[in-house]
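Residues per chain, in single letters:
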Amino acid sequence: MSGQAGKSIGVLVMSYGTPESLEGIEAYYTHIRRGNPPSAEQLEDLTSRYHSIVGGVFPLRENTNNQVAALQRTLDELAGAGTYVCYQGLKHAAPYIEDGVAAMAADGVKEAVGIVLTPQYSAMSVGGYMKRAQEEAEKHGIAFKAVREYHLHPELIDALKIRVTDGLERLGGAGSSDALVLFSAHSLPAKVLEMNDPYADQLLATSAAVAQAAGAENWQFTWQSAGQTGQPWLGPDILETLEKLAAEGVKSVLVTPVGFVSDHLEVLYDIDIEAKKFAEERGIRLERIRMLNDDPQYMAALAETVIEAVRGRNGG
Ligand SMILES: CC1=C(CCC(=O)O)c2cc3nc(cc4[nH]c(cc5[nH]c(cc1n2)c(C)c5CCC(=O)O)c(CCC(=O)O)c4C)C(CCC(=O)O)=C3C
Ligand SMILES: [Fe+2]
């Protein structure tokens, strides 16, 4: 086929994915577990977490759709309409990564770049997305470039800085001496440390850059959302950290997720419900920054990173 998109550069925009409906949770969870169905208890636990979040049962789906549409508009503005065409590819739900690549191939795309909606690289997260995308692109004869990371892009740092400043204001102003900025990200199995993985360092680098830009001297980093796999995960977990902060007399905390870019379960449940309740029971007031979603500065960071990758400066 040689449609309009055939002359364009394909952009595979990849995200974690979320179920379509409550009935879809089991298949989604089974996919996350590499084909092993969850136990009845695990399924019930995850289903009840989806039931408790506000803002729609599966807000990640609409947020990802909005991000892909907004990135398309931003690329059109920066590079001219038709230069880039965005396709969505999800890790654990349809349209899967392979579906996105196949859709490009059907449109006649010959050259593509992949970017994941998370700023820091880990072999276990972004590396996994890219391997699947690369393999599918090869099958279709598409030349594929992968964006590894964009965790220090100035537009990303500035967008997060604005959110930290807003959050500190909600907690009583940046000058309020005990407001602590608690950066967080999804934990990974601790075996990533043996792989010399850049994930933890990149998360700390993002956190330090945002803290510095916001003038927040009082900050820490912690992990969140570890899975129950029987294996050790990176810690300390956010609940442990809050316990320790409470013992130290900290009274207010601004949770600042730096590896997540959308409102979704790990933010709306793990932070807004679970961590908030845990903190309040220990006398800590907990607020969270507004997530980036389709923030224009985040879209600029993505678009500029895509364009640079195509020019050969950030591609792999
Ligand atoms: C690094 C990382 C990111 C950030 C980077 C990225 O965005 O890619 C991320 C994002 C997300 N993870 C999410 C949800 C879940 N993750 C799970 C399980 C797991 N995550 C892992 C890692 C990550 N996950 C891992 C190593 C597992 C263990 C299983 C395995 O080895 O693969 C499970 C299973 C049950 C549980 O453990 O809770 C769920 C439900 C949602 C929200 C979806 C929604 O709103 O619907 C989002 C954005
Ligand atoms: Fe996850």
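Residues numbered from 1 in each chain as written. Chains lettered and ligands numbered in written order. Predicted model: local features only at pLDDT ≥ 70, side-chain atom pairs only at ≥ 80, totals over all residues. Heavy atoms only, no water.

Colleague: Quick question: what am I supposed to make of the UniProt feature "binding site: Fe(2+)" (unreviewed entry) in the protein here?
Modeller: In the numbering used here, UniProt assigns the "binding site: Fe(2+)" (unreviewed entry) feature to His 186 and Glu 266. The named residues occupy 81 residues along the chain; their greatest pairwise C-alpha distance, 8.2 Å, places them in one compact cluster. Judged by its relative accessible area of 21%, His 186 falls in the partly exposed class. Aside from chain neighbours lying at most four places away, what touches His 186 is Tyr 199, Trp 223, Gln 224, Ser 225, Trp 233, Phe 260 and Glu 266. Locating Glu 266 in the fold gives a position in helix α9 (residues 265-268). Ignoring anything within four residues of it in the chain, the contact list for Glu 266 reads His 186, Gln 224, Ser 225, Phe 260 and Ile 271. (UniProt positions renumbered as here; feature names shortened; annotations may be inferred. Buried < 20%, exposed > 50% of the residue type's maximum accessible area, 1.4 Å probe, protein only. Contact = heavy atoms within 4.5 Å. Helix = DSSP H or I, 4+ residues; strand = E, 2+ residues; numbered from the N terminus.)

Colleague: Would you take a moment to explain the site of ligand 1 for this structure?
Modeller: Not every one of the 23 residues close to ligand 1 is listed here, only the nearest: Tyr 16, Thr 18, Tyr 50, Tyr 129 and Leu 265. One of the side-chain nitrogen or oxygen atoms of Arg 34 is found 3.1 Å away from an oxygen atom of ligand 1. Considering ligand 1 on its own, with 880 Å² of exposed area, one finds that the protein chains cover 90% of that surface. Of all the secondary structure elements, the ones that give two or more residues to the shell around ligand 1 are α1 (25-32), α2 (40-52) and α9. Broken down by class, the residue content of the shell around ligand 1 amounts to 13 nonpolar, seven polar and three charged. Both domain 1 (4-150 + 295-310) and domain 2 (154-288) contribute no fewer than three residues apiece to the shell around ligand 1. (Near = heavy atom within 4 Å. Polar contact = N/O pair within 3.5 Å; in protein donor to acceptor, adjacent residues only side chain to side chain. Areas by Shrake-Rupley, 256 points an atom, 1.4 Å probe, with all protein chains shown as cover. Nonpolar A, V, L, I, M, F, W, Y, C, P; charged D, E, K, R; others polar. Domains from an automatic or database assignment.)

Colleague: Mind showing me how you'd approach the UniProt feature "binding site: Fe-coproporphyrin III" (unreviewed entry) in the protein here?
Modeller: When the UniProt feature table is mapped to this numbering, "binding site: Fe-coproporphyrin III" (unreviewed entry) covers Tyr 16, Arg 33, Arg 49, Tyr 50 and Tyr 129. Sequence-wise these annotated residues cover 114 residues; spatially they are dispersed, their C-alpha atoms as much as 25.3 Å apart. One can find Arg 49 in helix α2. Locating Tyr 50 in the fold gives a position in helix α2. Apart from residues no more than four positions distant in its own chain, Tyr 50 is found in contact with Thr 18, Pro 19, Ile 25, Tyr 28, Val 57, Phe 58 and Leu 265.

Colleague: Hey, could you run me through the packing of aromatic side chains in this one?
Modeller: Aromatic ring pairs are described here by two measures, namely the spacing of the ring centres and the angle between the planes. This model, assessed by the stated rule, comprises five aromatic pairs. A centroid spacing of 4.9 Å and a plane angle of 50 degrees characterise the contact between Tyr 50 and Phe 58, whose relative ring orientation is tilted. Both residues of the pair, Tyr 50 and Phe 58, count as buried. Three or more aromatic residues joined by ring pairs form one cluster here, namely Tyr 199, Phe 221 and Trp 223. In this arrangement the basic side chain of Arg 282 is found over the ring face of Phe 278, its NZ or CZ atom lying 3.5 Å from the centre. (Phe/Tyr/Trp six-rings, centres within 6.5 Å; stacked < 30°, edge-to-face > 60°. Lys NZ or Arg CZ within 6 Å of the ring centre and 35° of its normal.)

Colleague: Could you clarify how one ought to interpret the nonpolar core in this entry?
Modeller: Inside soluble globular proteins, nonpolar side chains tend to come together where they are buried. Judged by nonpolar contacts, the single largest core of 51 residues is most densely connected at Val 11, Leu 71, Leu 75 and Tyr 298. Sorting elements by how many residues they give to this core places helix α11 (residues 296-310) first, with nine residues. Per-domain counts for this core show at least three residues from each of domain 1 (4-150 + 295-310) and domain 2 (154-288). Sequence-distant contacts of Val 11, defined by excluding residues within four places in its chain, comprise Leu 71, Leu 75, Tyr 84, Val 85, Cys 86, Tyr 87, Met 104, Val 113, Ile 115 and Val 306. Val 109, Ala 133, Ala 137 and Ala 146 belong to the second-largest nonpolar core, a separate cluster that totals 18 residues. (Core = buried A, V, L, I, M, F, W, Y, C linked by side-chain atoms within 4.5 Å.)

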